[in-house]
Amino acid sequence: MNIDVFTLFPEWFEWFGSQRHVANVVEAGSRLRCVDLRARTPLSGGQVDDTPFGGGAGMVLRVDVLDSALRGHYGVDPVDLRERRRVIALAPTGRLLDDGLVDELAAEPELTLLCGRYEGFDERILEHFASDVVSIGRYVLSGGELAAMVLCDAVLRKLPGALGHADSAAEEAFSS
């Protein structure tokens, strides 16, 4: 399992990566990698946001910023990327994360997680770059980083070698 997280705060994931079950799966060959959106922005001064196209309050993550980051990291058009791997935008309006979806995602060889910020994403990101929009609950967080960690935690603990005992994940309350 290879997971790439596109975020404004890659340093937040240093703690997460040090958790035992995450370290176990990384040691077994999985990868958790973070891409700093500010380092990839085509705009001056590290700008990544703008007012929503069509109006509205707040700021949204710009489509050109995500385009530059995804294109720069993978070397392909972001519209085509979702044909090669699951590209998941984390947003409160998405499909609710449950054990069935976690099982589905744990079976994927590669995931890309897009962490929104401010008021979320420019809608074109959801329409053209994301293969899935996933929510960890019907509430709003300040950004997608915590949601990405929740999704990663749930997915990675399903992988062989993550937990101390092989039967631990199978005996959990929500496991089929």
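Residues numbered from 1 in each chain as written. Predicted model: local features only at pLDDT ≥ 70, side-chain atom pairs only at ≥ 80, totals over all residues. Heavy atoms only, no water.

Visitor: Can you help me understand the layout of surface pockets in this one?
Guide: With a probe scaled to a water molecule rolled over the atoms, the places where space remains empty come into view. In this structure, the largest pocket occupies an estimated 370 Å³ of space. Every residue lining the largest pocket is counted, 23 residues in all, and those nearest its centre are L90, A91, P92, E119 and G120. Where the lining of the largest pocket is concerned, the elements lending two or more residues are β5 (86–96), α7 (123–128) and β7 (132–135). With 4 residues, the top contributor of residues to the lining of the largest pocket is β5. When the residues that make up the lining of the largest pocket are grouped by side-chain class, the tally is 12 nonpolar, 8 polar and 3 charged. (1 Å grid on protein atoms, 1.4 Å probe; cavity = no way out; pocket = protein on both sides within 12 Å on 5 of 7 lines; lining within 4 Å. Points joined across faces, edges and corners; volume = space filled by probe spheres on them. Helix = DSSP H or I, 4+ residues; strand = E, 2+ residues; numbered from the N terminus. Nonpolar A, V, L, I, M, F, W, Y, C, P; charged D, E, K, R; others polar.)

Visitor: Hey, could you run me through the packing of aromatic side chains in this one?
Guide: Between two aromatic rings, the relevant description is the distance of the centres plus the angle of the planes. Per the stated rule, a full pass over the model turns up 2 aromatic pairs. With centroids separated by 5.9 Å and ring planes inclined at 40°, the aromatic side chains of F6 and Y74 adopt a geometry described as tilted. With F6 in strand β1 (residues 2–7) and Y74 in helix α4 (residues 63–74), this pair connects stretches of sequence that are 68 residues apart. Summarising the aromatic geometry, the rings of F9 and W12 are spaced 4.7 Å apart at their centres and angled 15° between planes, so their arrangement reads as stacked. Of the residues examined, F9 reaches a relative accessible area of 22% and is grouped as partly exposed. Looking at W12, the relative accessible area reads 34%, which means it is partly exposed. (Phe/Tyr/Trp six-rings, centres within 6.5 Å; stacked < 30°, edge-to-face > 60°. Buried < 20%, exposed > 50% of the residue type's maximum accessible area, 1.4 Å probe, protein only.)

Visitor: When you look at the sheet that holds β5 in this model, what are you seeing that I'm missing?
Guide: By way of backbone hydrogen bonds, the strands of a sheet pair with one another, either parallel or antiparallel. If you trace the 5 strands from one edge of the open sheet to the other, you get β2-β1-β6-β5-β7, paired in parallel fashion. Where the open sheet ends on each side, the last strands, each with one partner, are β2 (31–36) and β7. Put simply, the sheet's adjacent strands are angled 30° from each other on average, direction ignored. In the packing of α4 onto the sheet, the strands contacted are β1, β2 and β6 (110–115), and the crossing angle to β1 comes to about 145°. (Pairing = 2+ DSSP bridges. Axes fitted to C-alpha atoms, helices over the stretch in contact; angles between N-to-C directions. Contact = heavy atoms within 4.5 Å.)

Visitor: Help me out: how do you make sense of the environment of G137 in this one?
Guide: Topologically, G137 is positioned in the loop between β7 and α8 (145–156). As for G137 and A154, which are separated by 17 residues in sequence, their C-alpha atoms are 14 Å apart. Every residue in contact with G137, bar those within four places of it in the chain, is listed here: P92 and L96.

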